[in-house]
There are 2 protein chains.
Amino acid sequence: MATLGDIGVSAVINILGAFAFLLAFALLRIQPINDRVYFPKWYISGKRTNPRSGGGGGGVGKFVNLNFKTYLTFLNWMPQALKMSEDEIISHAGFDSAVFLRIYTLGLKIFGPIAIAALLVLIPVNASGGTLFFLRRDLVVSNIDKLSISNIRPNSYKFFIHISMEYLFTFWTCYMLYKEYGRVASMRLKFLASQDRRAEQFTVLVRNVPHVSGRSISDSIENFFKRNHPDHYLCHQAVYNANKFARLIRKRDRLQNWLDYNQLKFERHPEKRPTSKKGFFGLCGKSVDSIDLYKEQIKELDKKLTMERQRILKDSKAIIPTAFVSFNSRWGAAICAQTQQSKNPTLWLTNWAPEPRDVYWKNLSIPFVSLSIRKLVISLLVFALVFFYMIPIAFVQSLANLEGLERVAPFLRPLIEWNFVKSFLQGFLPGLALKIFLYILPAILMIMSKIEGHVALSVLERRTAAKYYYFMLVNVFLGSIVTGTAFQQLHAFLHQSATLIPRNIGVSIPMKATFFITYIMVDGWAGIASEILRLKPLVIFHLKNMFIVKTERDLEKAMNPGGVDFPETLPSLQLYFLLGIVYMVVTPILLPFILVFFAFAYFVYRHQVINVYNQHYESAAAFWPHVHGRIIASLLISQLLLMGLLSTKKAANSTPLLVVLPILTLTFHKYCKNRFEPAFRRYPLEEATNKDMEDRAAESDANLNSYLADAYLHPIFNSFEEVELVEVRVDKSQVHIPSPSPSDHSSPSPPHYAYHHENEPSHNVDRYEVEQPQTAYHYEVESYSNMFQYDTESHHHAYHY
Amino acid sequence: MATLGDIGVSAVINILGAFAFLLAFALLRIQPINDRVYFPKWYISGKRTNPRSGGGGGGVGKFVNLNFKTYLTFLNWMPQALKMSEDEIISHAGFDSAVFLRIYTLGLKIFGPIAIAALLVLIPVNASGGTLFFLRRDLVVSNIDKLSISNIRPNSYKFFIHISMEYLFTFWTCYMLYKEYGRVASMRLKFLASQDRRAEQFTVLVRNVPHVSGRSISDSIENFFKRNHPDHYLCHQAVYNANKFARLIRKRDRLQNWLDYNQLKFERHPEKRPTSKKGFFGLCGKSVDSIDLYKEQIKELDKKLTMERQRILKDSKAIIPTAFVSFNSRWGAAICAQTQQSKNPTLWLTNWAPEPRDVYWKNLSIPFVSLSIRKLVISLLVFALVFFYMIPIAFVQSLANLEGLERVAPFLRPLIEWNFVKSFLQGFLPGLALKIFLYILPAILMIMSKIEGHVALSVLERRTAAKYYYFMLVNVFLGSIVTGTAFQQLHAFLHQSATLIPRNIGVSIPMKATFFITYIMVDGWAGIASEILRLKPLVIFHLKNMFIVKTERDLEKAMNPGGVDFPETLPSLQLYFLLGIVYMVVTPILLPFILVFFAFAYFVYRHQVINVYNQHYESAAAFWPHVHGRIIASLLISQLLLMGLLSTKKAANSTPLLVVLPILTLTFHKYCKNRFEPAFRRYPLEEATNKDMEDRAAESDANLNSYLADAYLHPIFNSFEEVELVEVRVDKSQVHIPSPSPSDHSSPSPPHYAYHHENEPSHNVDRYEVEQPQTAYHYEVESYSNMFQYDTESHHHAYHY
């Protein structure tokens, strides 16, 4: 076991590592060439279009910062990160990100006072215990253990102090949780109330629309809602099973990109038209003019697209029994989303529609019965993954040994036989499979969540985060404390008595404190520092820039930073809460390390949220109930383990005092669930009425119908539409307002288009390059609009493009 | 252990006992004097007012049946009980009773085919096993064990047959459960749809109305709902904290009864006016004229009542923050009941209002925060009661021994010292405390449920049934299988490994089969026969008739049979399902006994439901999800125990096959929950719309306002009102229709009054006797109506009487 000195050394190493990362970050971020890696958010929000010049001007200044003064202030991003107020962050980076940052401050608020109290009270009590001094010769005891509960003599009355501290800390944590939950809930309601008119406020996702023979889905929906919500129903949008169309669109994008690339090439070198070979992957065959080739291919593909699109729009089987139903008021949508519609509760399932950009379209077509089977299968798979993941990895490891390698690649034999390489490989190969598995684990979990059938990206991310948390809880937390694989633990647990389990785990808890301290420093401190450096995106960006990026559009794609990685960051954050809460009474010396992590990570993520991440959706902090629930679960785990630990210390007269604590904690959780969770799940009618009235007073509900008419159009139709934007606008005002609402002033609503552009910024850039195809489309667009006008009677709002 | 012969003897005894009960019933029920005990339902429904004459005519014929032919056909109640169709039972005895009977047929449907299959397949397999033949000399083995799974050799492949039968039986049970759940759910919806206009369809119970300073509760409610449900809100009724008033009303009833009694006495013996003494309990003091005395006392009490009533109606603190809010359509009520109203989800809690006669008024005033604390405390208490109930009983037993008795009552000493009495008491006294406890247990559980704060009688009964079921599961089922008290079992379970628990219980299962067979015969066969005899009500009725009943009103009260005793019958029914399901594979010989129970009990309860019970409320089979859930739980218990049992039989290669079964069963349960449970919890908008449209087409929603205006008036105001019925009717049409709805034709709605009379049949009888007080009230009623007219502006519908 590590002594205090060992930990000091480790701390120094990790701090140095973190500083190295920070220094590298400070150097790299002020290089103009890296500007798009470290400040992509500003490009996306349109506030920056060119890298800040490095002061030096001239050619090199475009890539390297030559202003040496800026190098001296390498930590100045920290105050910069703190400058923005929370409200500014909400409007700049979204509510999700702002609340995400509050998790870190919550950690500081919870563990700050607890750390002070624990260090002042528990450390002296533990240090004066003195059992371990006597045992010294027998056991290898670290200095840290002298500061932990292990140092207290069995049967000592000092355990009352620990128990009362556990009570005190639990109450403090619950108090902070309660305050924070209330704050976030009210912030959420305020945020929702402050939002402008948004499609999802008026729209309900209806699933499992029953098939009635001789009637189209759209007809059924129209009939049903006109009958059951006569005063509130406005319109609906059918959902198409457009997976094939989406594939074609992707292909067209790719071709378009090649075309752009070749055109650019030709512009730069007008003397030579680019050519490519027609054969296998452009490697052999006859040479042809590239621009012509791609133009021709695109034209052909466009024909296919048109056919496919016609097929989708005409084929009633392409409409899946799911629809986005819009209402003329938030009140109407709120009651439809919260009530049961049909006698058969598995039909006409209504729920709030996710944001348009949050919809995961592929899963909309999954039928209800299949959903419950999927859920069952996936939960069994997750269970297996958590407890048995070592089995396939061991299998792969057994394959990936040196003999296997020699058999597969005999030419490597001389190299492998070399001793140094051999030992390196023998040490390295078995671990490689595990590393690769851990690296792709979040992706696997995300695929599992997708199979489960959730229809919103935000839900997918939350479900993935939950699965990842279970994995970490069993394999990182329990796996580090109890020896053996998770499967062995499971086996042991099943064959142990219920009271023995917390006892056996509890006993090992104090012994693992040093391990977790090291873990916090490596994963928490240095890991967070590497997060701000963004080494991976940096390398990938420059690699792409060198080899792959062909057009401006690609550049934008390459620098797309994505949102905060909730599926990975939330579970690891929750693991830190768990560690802090479990050790707060047992080995309080761990708390300062946790505090440093929270403080440092807060700075880093605040910087990242402001400068880097670009959320793809806004769930209005829908993840908070999970954060809250898992901290409560950590409290319960901590109480159980402390009970188990104390029962080995013969503290029989004090342990029963702890039994009340889990009951109180659970009651608190239930109360919070009742008190705050509805704010995250439902939309109170009071709010809906207020907002409706505001709108009515401002007369801003004008033109609601046309605003909602195609808010939930499948995005692929949108992206196709971009090309012939002007013509379609005209069509739209002619075709798509069949049922004029009283407040419908029929002026084309500008916010609508602004909205879509926000989501697909990558398409604005290359508008100038597609002039040729645009003219080529004129004819087809005309024919579309005619076709649609003809079909409108039968399909009612089913397709508006 | 009992042999087959022993069980045969026990069966003969129990069958003879059951026949004795049936014979006694057959004799007693045709005596006119018992007619009110055995056919009270017909008196209550008004189809019978006098006992059927015994054919013999004359004086004795009024009390004893002299037609000897009727004695010969003593089992003819059975075909009579079967004559009524289910629809007739629904209209005659209510939907709850009809569905209650379906539980018995469900038992027959589940266990009938299972019993046949088990007897044909498993008994031969078990009998040919032959382990026990070898062990015979060592163990005392009953013949029954030779037919059970115990007879199979360890490690035999025959266990595959048992496992496949467990699968088969589980699928069959689930199939029957699914069909039955679907049937009951659709019957329920049909029943609800077929009902006439009922107050609870339009009404929502709103709790936790926030106090706004300077505004009355009624004002807040009116404002809130007018704002948030502008098109649907109709009116509301405030709820008063009228517990003191209720006490006074009870006192007045008592006095009125004495007055009636004395007046009757005077009518029969006009020569002598009855007198009573004024002093301590009428035992001493001056003799006064009884009629005058009671008249005077009633008059005084009426003044007090008036004062109290004025205080309640004027004091804003007497209005509790709870109200029954009515809407002008079922649709409006359905959406209000199912949605969240306010930003703060603990305020403005809406839920379906129970039927007016189902409301438990006392609990309406409990605040929300207190509710969750109450729930916690009660669930802890129930846990303690289930596991530690032996502790207080042992304490009482230790007090109630002979020494204690001698100390308390020294004059009994000579008697107690007598040997025979001594031994009898020593055997009897310790058991007495336990018997008394078990007898009052349902009452204790009901009090606990009341403290929990449920607001409907039906919910109270269901919660009590749930508690009783837990008690029976632990103390009857587990308690009989595992030795030791429940507390000792709990202790053992906590210190056993998770896999050992089903193993230890499973091993004892086959050994206890004979005990449970005897239990079924005693509790099931003979117990049900004693149920039809109604010995307790019979004795109480005749005792009351002799000593207590003074007036016709008392007679009606004395013969009030109550409803089906759900808190006791449902749990014991569920226990029989558990026994059948646990033993179906282990000891299939038990199944015929269960089948006989279900068939016999079906006849008996069908008879009772038709002739005896009078449901006080109609929950439309809201108990069914619990019945379903507990049968599923029985399946799970059975599977776990079979796994445990097989694991001791070294059937390691077959046991893992069983692991899948609980998962499938749970999945089935979840599916059923999704598919059917909403029909019992929510009211689909489709149904609401249909019903509203029907009403509108029939124009039967006329006068809805006045119909709903006082549907939820506290019943004590109603009972007080009865006296001055005529005058108040006039007042009502003047005062209580402040907001005329478009369809309000303002004709006083007759169904409304019919409704109230139905619920309080006891008040109609003595109308003729209260003429004197009625005239005395004329003046006061006038002043009331003025007062109310004056107050109406500020209180809006808060009190309509």
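Residues numbered from 1 in each chain as written. Chains lettered and ligands numbered in written order. Predicted model: local features only at pLDDT ≥ 70, side-chain atom pairs only at ≥ 80, totals over all residues. Heavy atoms only, no water.

A. Quick peek at the sheet that holds strand S1 (residues 203-207) of chain B. All names here are of chain B. Strand order in this open sheet of four strands is S2-S5-S1-S6, and the pairing throughout is antiparallel. Pairing within the sheet leaves two strands with one partner each, and these edge strands are strand S2 (233-240) and strand S6 (349-352). Each adjacent strand pair in this sheet contributes to an overall mean axis angle of 30°, direction not counted. (Pairing = 2+ DSSP bridges. Helix = DSSP H or I, 4+ residues; strand = E, 2+ residues; numbered from the N terminus. Axes fitted to C-alpha atoms, helices over the stretch in contact; angles between N-to-C directions.)

B. Examining the packing of helix H21 (residues 457-481) of chain B against helix H29 (residues 624-648) of chain B more closely. Residue and element names in this part refer to chain B. One way to put it is that H21 packs onto H29 with a least axis distance of 12 Å and a crossing angle of 20°. Classified by the interaxial angle, the pair formed by H21 and H29 is roughly parallel. Both H21 and H29 take part in a crossing whose hand is right-handed. Contact residues: H21 offers Arg462, Ala466, Tyr469, Leu473 and Phe477, while H29 offers His626, Arg630, Ser634, Ile637 and Leu641. When its residues are assigned to classes, the contact of H21 with H29 shows six nonpolar, two polar and two charged. (Parallel < 35°, antiparallel > 145°, perpendicular 65-115°, else oblique. Left-handed = near helix turned anticlockwise from the far one by under 90°. Contact = heavy atoms within 4.5 Å. Nonpolar A, V, L, I, M, F, W, Y, C, P; charged D, E, K, R; others polar.)

C. Representation of the packing of aromatic side chains within the structure. Residue and element names in this part refer to chain A. In the structure shown here, the tally under the stated rule is 74 aromatic pairs over all chains. Geometrically, the ring pair formed by Phe95 and Phe191 is stacked, given 4.8 Å between the ring centres and 10° between the ring planes. Of this pair, Phe95 sits in helix H8 (residues 95-127) while Phe191 sits in helix H11 (residues 159-194), placing them 96 residues apart in sequence. For Phe95, a relative accessible area of 0% puts it in the buried group. Taken together, Phe100, Tyr104, Phe111, Phe566, Tyr576, Phe577, Phe597, Phe598, Tyr605 and Phe623 form an aromatic cluster joined through their ring pairs. (Phe/Tyr/Trp six-rings, centres within 6.5 Å; stacked < 30°, edge-to-face > 60°. Buried < 20%, exposed > 50% of the residue type's maximum accessible area, 1.4 Å probe, protein only.)

D. Highlighting unusual backbone geometry. In the Ramachandran plot, Asn208 of chain A falls in the positive-phi region, its phi being about 55° despite a non-glycine side chain. Looking at the secondary structure, you find Asn208 of chain A in the loop between strand S1 (203-207) and helix H13 (217-228). You can call Asn208 of chain A buried: its relative accessible area is 17%. The phi torsion at Ala620 of chain B lies on the positive side, around 55°, for a residue other than glycine. Taking the relative accessible area as the measure of exposure, Ala620 of chain B reaches 4% and is therefore buried.

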